[in-house]
Amino acid sequence: TVVAGGATVPDSVLLSGGAASVPVLPTLASSLTVSVSDDSSRAVTYGPVAVDPGAPYRAAASPAASDTLAAGDSLAIRARVTDFYGNATPGTSVQGSLVLGSGSVAPSSDDTDASGYADFVVHAGGALGALHVRVLAPASGAPDSIRADSLFFTVVPGPAVSAEVAAPASGA
């Protein structure tokens, strides 16, 4: 039985010669405690044991505040990298790039923080239309559809700007 943390354990195992082997597969990056008991109410508790996150697996772009950007404007975006079980993977490199459209993503690479997030800024160029941004966790061995994610924006005209040019007053 899992007492604290997260793990997959079998409902029962074979007891042979007074010994049993209990496979434990940790699934949550936290402190893990497991209790093992037999039919005669004898129990042993193991733990707590620290469980670290697994290897980077999934990159997911957080939905942006807006799906439209005025030409020349910028918008902050985030990507989160997790292991196979959804645990944050701090210190993982994430690449941000522009796949389609006019503009840029900065920085081109960022390491995830303690919560598994990497931060980027998307800057829309002057060309109107589709803007496709991709984030990728290159250290992940998962298929590209899992280790990368995309955000799609539409670049629209910026607000109208006008200027008035006046001749200097006479005598000035």
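Our subject is the structure that appears above.
Residues numbered from 1 in each chain as written. Predicted model: local features only at pLDDT ≥ 70, side-chain atom pairs only at ≥ 80, totals over all residues. Heavy atoms only, no water.

With that settled, consider the sheet that holds strand β6 (residues 58-61). Spatially, the 4 strands line up as an open sheet ordered β6-β8-β12-β10, and their pairing is antiparallel. Either end of the sheet is taken by a strand with one partner, and the two such strands are β6 and β10 (103-106). Each adjacent strand pair in this sheet contributes to an overall mean axis angle of 25 degrees, direction not counted. (Pairing = 2+ DSSP bridges. Helix = DSSP H or I, 4+ residues; strand = E, 2+ residues; numbered from the N terminus. Axes fitted to C-alpha atoms, helices over the stretch in contact; angles between N-to-C directions.)

A separate point is the pairing of strand β8 (residues 74-82). Looking at chain direction, β6 and β8 are connected through 4 bridges and run antiparallel. Looking across to β8, one finds that A59 is bridged to V81.

What follows covers the side chain of D83. Checked against the element boundaries, D83 lands in the loop between β8 and β9 (93-100). Lacking a salt bridge, the buried D83 has R80 as its closest oppositely charged neighbour, with an N-O distance of 8.6 Å. Not counting residues up to four positions away in its chain, the partners in contact with D83 are P53, G54, A55, Y57 and T89. (Buried < 20%, exposed > 50% of the residue type's maximum accessible area, 1.4 Å probe, protein only. Lys, Arg positive; Asp, Glu negative; His and termini not counted. Salt bridge = Lys/Arg side-chain N within 4 Å of Asp/Glu carboxyl O. Contact = heavy atoms within 4.5 Å.)

Once that is clear, we can look at the side chain of S140. Mapped onto the elements of the fold, S140 is located in the loop between β13 (129-136) and α1 (144-147). At 2.7 Å, the side chain of S140 and the backbone oxygen of Y57 are in polar contact. Apart from residues lying up to four places away in sequence, S140 is in contact with P56, Y57 and R147. (Polar contact = N/O pair within 3.5 Å; in protein donor to acceptor, adjacent residues only side chain to side chain.)

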